[in-house]
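Listed below are the residues making up each chain.
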Amino acid sequence: MALRMGALYDALIAAKVDEEQARRAAEEVADYNARIGNIERDLTLLKWMVSTNVILTVGVLGRLLFIR
């Protein structure tokens, strides 16, 4: 059984949505939350990689242009 968002499930049940539909909808939203968390983690890594690349590039260009 997949993770389920309890508050969403309870709200759907209170809105008189069929129990099976409410369960599937809550599980689907929980799955999207997990996928978004993975994307955020990947973006953090990519930002670190790009900033390291920019720092190294500026350092190399600085040595080439200003130190002879």
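Fair warning: this is a prediction, and the values are worked out from it, not measured in the lab.

Oppositely charged side chains can pair when the atoms bearing their charge come close. Under the criterion given, the structure shown has 3 salt bridges. Note that R23 and E20 form a salt bridge whose closest N and O atoms lie 2.2 Å from each other. Note that R23 and E20 are positioned in helix α2 (residues 19-66) at a spacing of 3 residues, about one turn of the helix. Using a relative accessible area of 34% as the deciding quantity, one classes E20 as partly exposed.

Now for the packing of helix α1 (residues 6-14) against α2. The geometry of α1 relative to α2 is characterised by a closest axis approach of 9 Å and an angle of 150° between their N-to-C directions. Relative to α2, the element α1 is oriented roughly antiparallel. At the point where α1 passes α2, the crossing takes the right-handed sense. Contact with α1, carried on its side by L8, Y9, L12 and I13, involves E19, A22, R23, A25, A26 and V29 of α2 and no other residues of that element. For the contact of α1 with α2, a count of residues per class yields 8 nonpolar, no polar and 2 charged.

Rules used throughout
- Sequence order sets the numbering: in each chain, residues are counted from 1 along the sequence as written.
- Residues qualify for local features only when their pLDDT is at least 70, as the model is predicted, and side-chain atom pairs are given and counted only at 80 or more; totals for whole chains, interfaces and linings, by contrast, use all residues.
- Excluding hydrogens and water, the side-chain figures rest on all heavy atoms present in the structure.
- Salt bridge, as used here, is a side-chain nitrogen of Lys or Arg placed within 4 Å of a carboxyl oxygen of Asp or Glu.
- By definition, any uninterrupted DSSP run of H or I lasting at least four residues is a helix, any uninterrupted run of E lasting at least two residues is a strand, and each is numbered from the N terminus.
- Here's how the labels work: a residue is buried when its accessible area is under 20% of the maximum for its type, exposed when over 50%, partly exposed in between, all with a 1.4 Å probe on protein chains only.
- Axis definition: a line fit to C-alpha positions, over the contact stretch in the case of helices; interaxial angles, taken between N-to-C directions, run 0 to 180 degrees.
- Roughly parallel means an angle under 35 degrees; roughly antiparallel means over 145; roughly perpendicular covers 65 to 115; every other angle is labelled oblique.
- Note: crossing handedness is left-handed where the near helix turns anticlockwise from the far helix by less than a right angle, and right-handed where it turns clockwise.
- Two residues form a contact once any of their heavy atoms are found within 4.5 Å.
- Gly is put with the polar residues, along with every residue not named as nonpolar or charged; the nonpolar set is Ala, Val, Leu, Ile, Met, Phe, Trp, Tyr, Cys and Pro, and the charged set is Asp, Glu, Lys and Arg.

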